[in-house]
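# Coordinates in review
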Amino acid sequence: MPIFATLAQAFQLVLTPEVFFTALMAGAFGMFVGAMPGLTATMATALLVPLTFFMDPIPALAAIVTASGMAIFAGDIPGAMLRIPGTPASAAYVEDSHRLSLAGKLNFALGTQLAVSIIGGLFGVAVLIVAAPLLAELALNFTSFEYFWLAALGLSCAIFVSSGDPLKAAVSLLIGLALATVGLDPTTGVARFTFGSTDLLAGIEFIPAMIGLFALAEILRGVLKLNSNGSGDAEQMPQATGPLFKGVGAVIRKYPKNILRSSILGTLIGALPGAGADIAAWMAYAVSKRFSRNPDNYGKGEIEGLVDASSANNAAVGGAWIPALVFGIPGDSVTAIVVGVLYMKGLNPGPMVFLQNPQLIYAVFLIFILSMVLLWPLGWLAIRAARQVLRIPRSVLLPLVLVFCVVGSFAMTNSAFGIALMLVIGLAGWILEDNGFPVSPIILGLVLGGMFERNFMTSMIKSGGDLTAFFDRPIAMGLGIATLALWALTLGTSLYKAARKPAPRSTP
Amino acid sequence: MKFTDSVSGVLICALGIALLTMSAQFPSFAGQPYGASLFPSILGTALVLCGLGLGARDLLQRRAGSTTAPWITPDAAFGNARAVAAFATVLLFVLAQILLGRAVGFAPLAVIGLFVLFRVLHIKTLPALALSLGGTVMCWFLFARLLLVPLPRGIIGRLIDGTV
């Protein structure tokens, strides 16, 4: 059978000390970058590219696959410990994991996240292996109308997943979308809201913005609290007790349907171009909240939401490779870099690779499985090492995190502009959050805004302004109805709750 | 700094109106009915509506007597001089890196800024000095040496290069 011969060749390519060593080193690097607040899986991958230039194709791909997978998981660690998501993919459930940590369940939260990340990741790989061509073909049939509704659905989730006030979450999202319009307009090339600054022409980099919103705002809040409240250290630091995986098996047995549902959702979202691990986590969290028996606990330390979102974002990593390998269309920013590396190595991604070099495709699949196997020990080590952070007083940690924020923001633009961006957005985020406006929708709006507007404008121009065209195509209609139903359901529920609210306080 | 939702609503309305006003000035092209201003205008309108919604809701609650909070409440921590000093030091640290980074360099500014911040946060002098130096060296090594980020070398770089 040729498939066995191909598989044997693939095993020969992967099972070498060079590939193992590269994957291990890249995995450790991914863990470090992912665990550092503000540094993302994309950054880990981008920084590896110059190194992969000197490698053979298989070790090069092994480095990228392992580093990006590890970074997505490692982003959960500072989220749980410091309420600063390491990567945007961890932002959806950072509140829950941090609250669990503060309740003395840090090990339980991180152990669960590691276990479901591996399950979700393996599910994504399985789908990548089995159904890659089918799913990619579906995504390829999408037009701007489908993409518009897909982005609309993802953005709507940002409003409805926030545990607070949906109206305030909507304001945050609109601010994020408005920030995404800064720079050159995608349809006409007009400079918008740049105020004459050449740095702003390229738009607002989301990484300094994320560092500002999640890290600087947290530092400002922290230093104020430390000095006004002498015991600030003790109450801020989560307690880490007990073995790492205690109780995790029970959680997995309790929520197998959630893990399966979110792994499927994550893989599908990952496979769609433009939608990556972050949207997968948001959507899985929103779906989880909708179907949960305890939706009111979401955002307050609910393990169910953590299980869903954590499995979805790792499943999306495998899913994102489907269109990248089959059609050369990147599913997210990491695979966009991967497509570049494949071209650099002379392996032009597309259906022809499957015909001409199937052993390379199978080797990629094997690398994925290898990276998930490595995630267990490396994740365990990373959690153990990161736990030392807890022993450091907050008054020592906050200034050190501040330096990393400054340098991380600088690194994204290689200029002080990144730091300035972080400062302005961080101050705004601090004021907004103090007034009950959630900051996570700002990041989602900023990340998805460009794609959302581009598809909206393309659709408007194609249809000549006829809004019914947005529902003409069957998949677009399905996605559109799902989005509108979500809005109707939420608005209806809010109005129903408002109407049922007893008004004894209204009497003066 | 806490505002009531009415004040937040007014600020959000102002942001929406600013977006609408600036969008109206974007050039339009003949034969293209949907230009650069369409999407920001929709966002501006939505912000104004949300701002009005927030304000209206707050005013209704006030009328019903369920909210009696003052319009603006300063953060209680700002009453503490040391808290204000720590807050200001964080902002000055970041501002110094933006404005003086190129001239003075990342490392000297980081050491000084960290030391001041540690001291304000009640860390003793010697540990504060060690932490400032250690933190800066670690950061420099990770980013400038390992990740090849071109952090500004400033005055020390010029001394090493012999251009001062």
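All of the points below concern the structure found in this document. (Residues numbered from 1 in each chain as written. Chains lettered and ligands numbered in written order. Predicted model: local features only at pLDDT ≥ 70, side-chain atom pairs only at ≥ 80, totals over all residues. Heavy atoms only, no water.)

Facing 63 residues of chain A, the contacting portion of chain B comprises 64 residues. Counting each side, the surface lost to burial between chain A and chain B is near 5600 Å², with a carbon and sulfur contribution of 83%. Linking chain A with chain B are two salt bridges. When the shortest N-O distance is used, the salt bridge between R57 of chain B and D165 of chain A registers 2.3 Å. Secondary-structure elements contributing two or more residues to the side of chain A that touches chain B are α2 (17-35), α9 (166-180), β2 (191-192), α10 (206-228), α19 (394-413), α20 (416-434) and α21 (440-463) of chain A. The element best represented in the side of chain A that touches chain B is α19 of chain A, accounting for 12 residues. Grouping the constituent residues of the side of chain A that touches chain B by class yields 45 nonpolar, 11 polar and seven charged. (Contact = heavy atoms within 4.5 Å. Buried area = accessible area lost by both parts, 1.4 Å probe. Salt bridge = Lys/Arg side-chain N within 4 Å of Asp/Glu carboxyl O. Helix = DSSP H or I, 4+ residues; strand = E, 2+ residues; numbered from the N terminus. Nonpolar A, V, L, I, M, F, W, Y, C, P; charged D, E, K, R; others polar.)

Attention now goes to a nonpolar patch on the surface. Residues and elements named next belong to chain A. Together, L122, I129, V130, I369 and V373 line one region of the surface with nonpolar side chains, adding up to about 420 Å² of accessible area. If you list the elements that add at least two residues to the nonpolar patch, you get α7 (106-140) and α18 (358-386). With three residues, the top contributor of residues to the nonpolar patch is α7. Relative to the helices and strands, I129 resides in helix α7. Since its relative accessible area comes to 35%, I129 is described here as partly exposed. (Patch = residues over 30% accessible without salt bridge, like charges linked within 9 Å, V, L, I, M, F, W, Y side chains within 5 Å. Areas by Shrake-Rupley, 256 points an atom, 1.4 Å probe, with all protein chains shown as cover. Buried < 20%, exposed > 50% of the residue type's maximum accessible area, 1.4 Å probe, protein only.)

Turning next to the nonpolar core. Among the nonpolar cores identified, the biggest contains 195 residues, and W321 of chain A together with V94 and F143 of chain B are the most heavily contacted of them. Of the residues forming this core, the biggest block, 16 residues, is contributed by α18 of chain A. Ignoring anything within four residues of it in the chain, the contact list for W321 of chain A reads L61, I64, V65, L128, T335, V338, V364 and F368 of chain A. (Core = buried A, V, L, I, M, F, W, Y, C linked by side-chain atoms within 4.5 Å.)

Our next topic: empty space enclosed by the protein. All names here are of chain A. Here the structure, examined in full by the defined rule, presents five cavities of 30 Å³ or more. Here the second largest cavity is characterised by a volume of approximately 50 Å³. Along the walls of the second largest cavity sit P88, A91, D278, W282, S440, I443, L444 and V447, which together make up its complete lining. Mapped onto the lining of the second largest cavity, the elements with two or more residues apiece are α14 (277-291) and α21. No other element matches the four residues that α21 contributes to the lining of the second largest cavity. For the lining of the second largest cavity, the residue count by class is six nonpolar, one polar and one charged. (1 Å grid on protein atoms, 1.4 Å probe; cavity = no way out; pocket = protein on both sides within 12 Å on 5 of 7 lines; lining within 4 Å. Points joined across faces, edges and corners; volume = space filled by probe spheres on them.)

Residues and elements named next belong to chain B. Contact pair helix α1 (residues 5-24) / helix α2 (residues 38-64): the axes reach a minimum separation of 7 Å and the direction vectors enclose 165°. In terms of orientation, α1 lies roughly antiparallel with respect to α2. For the crossing formed where α1 meets α2, the hand is left-handed. Taken together, the residues that form the contact of α1 with α2 break down as 13 nonpolar, nine polar and three charged. (Axes fitted to C-alpha atoms, helices over the stretch in contact; angles between N-to-C directions. Parallel < 35°, antiparallel > 145°, perpendicular 65-115°, else oblique. Left-handed = near helix turned anticlockwise from the far one by under 90°.)

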